[in-house]
Amino acid sequence: MIAPDQSKAKREKPDGRTSRHLAGLPFRIELWDKEKKKLEQVVARAHSAALAQAIFNAACQEYPEAHLSLWRGRERIAEKKP
């Protein structure tokens, strides 16, 4: 088995800009630490607003004590505080 070439791998940048692989997925759902000082993970990415909102709603139920936010690029669309 040949491992993928990691030297060409592009990663998501902290400010929301994406690589060419994620460019078609403009919406993201973020999970933050309790103080909202550190991004713990990007829970999901989505192509459409409707799908992103559904994923955000599900994440709110899955992580009831977490700070979650829904973004399109640099625009925050929704936020749930613990």
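This text follows the structure it describes.
Let me sum up the structure you'll find in this document. Because the structure is a prediction, the values reported are computed rather than measured.

**A closer look at unusual backbone geometry**
1) Next: Of note in the backbone geometry, Lys36 takes a positive phi value of approximately 55° without being a glycine.
2) Next: Checked against the element boundaries, Lys36 lands in the loop between strand S1 (27–32) and strand S2 (39–46).
3) Next: Lys36 sits in the partly exposed class, given a relative accessible area of 29%.

**Quick look at the sheet that holds strand S4 (residues 75–80)**
The pairing of strands in a sheet comes from backbone hydrogen bonds and takes either a parallel or an antiparallel form.
1) Next: Taking strand neighbours across the sheet as the criterion, the four strands line up as S2-S1-S3-S4 in an open arrangement whose pairing is antiparallel. Of all the strands in the sheet, the pair left with one neighbour each is S2 and S4. Shown here is a sheet whose adjacent strand axes are inclined to one another by a mean of 20°, direction ignored.
2) Next: With five bridges joining them, strand S3 (residues 67–72) and S4 adopt antiparallel strand pairing. Each bridged residue has a counterpart across the sheet, and for Trp71 the counterpart in S4 is Arg76.
3) Next: Along the sheet, helix H1 (residues 49–62) makes contact with S1, S2, S3 and S4, crossing S3 at roughly 175°.

**Observations regarding the pairing of S1**
For a regular strand, the rule is simple: side chains alternate between the two faces of the sheet.
1) Next: With respect to burial, S1 is a largely interior element, six of its six residues being buried.
2) Next: Here S1 shows two buried faces, one formed by Phe27, Ile29 and Leu31 and the other by Arg28, Glu30 and Trp32.
3) Next: The hairpin formed by S1 and S2 contains six residues between the paired strands, and Lys36 there has a positive phi angle of roughly 55°.
4) Next: Relative to S3, S1 is paired through six bridges, and the arrangement is antiparallel. Directly across from Glu30, in S3, lies its bridge partner Ser69.

Rules used throughout
- Residues numbered from 1 in each chain as written.
- Predicted model: local features only at pLDDT ≥ 70, side-chain atom pairs only at ≥ 80, totals over all residues.
- Heavy atoms only, no water.
- Helix = DSSP H or I, 4+ residues; strand = E, 2+ residues; numbered from the N terminus.
- Buried < 20%, exposed > 50% of the residue type's maximum accessible area, 1.4 Å probe, protein only.
- Pairing = 2+ DSSP bridges.
- Axes fitted to C-alpha atoms, helices over the stretch in contact; angles between N-to-C directions.
- Contact = heavy atoms within 4.5 Å.

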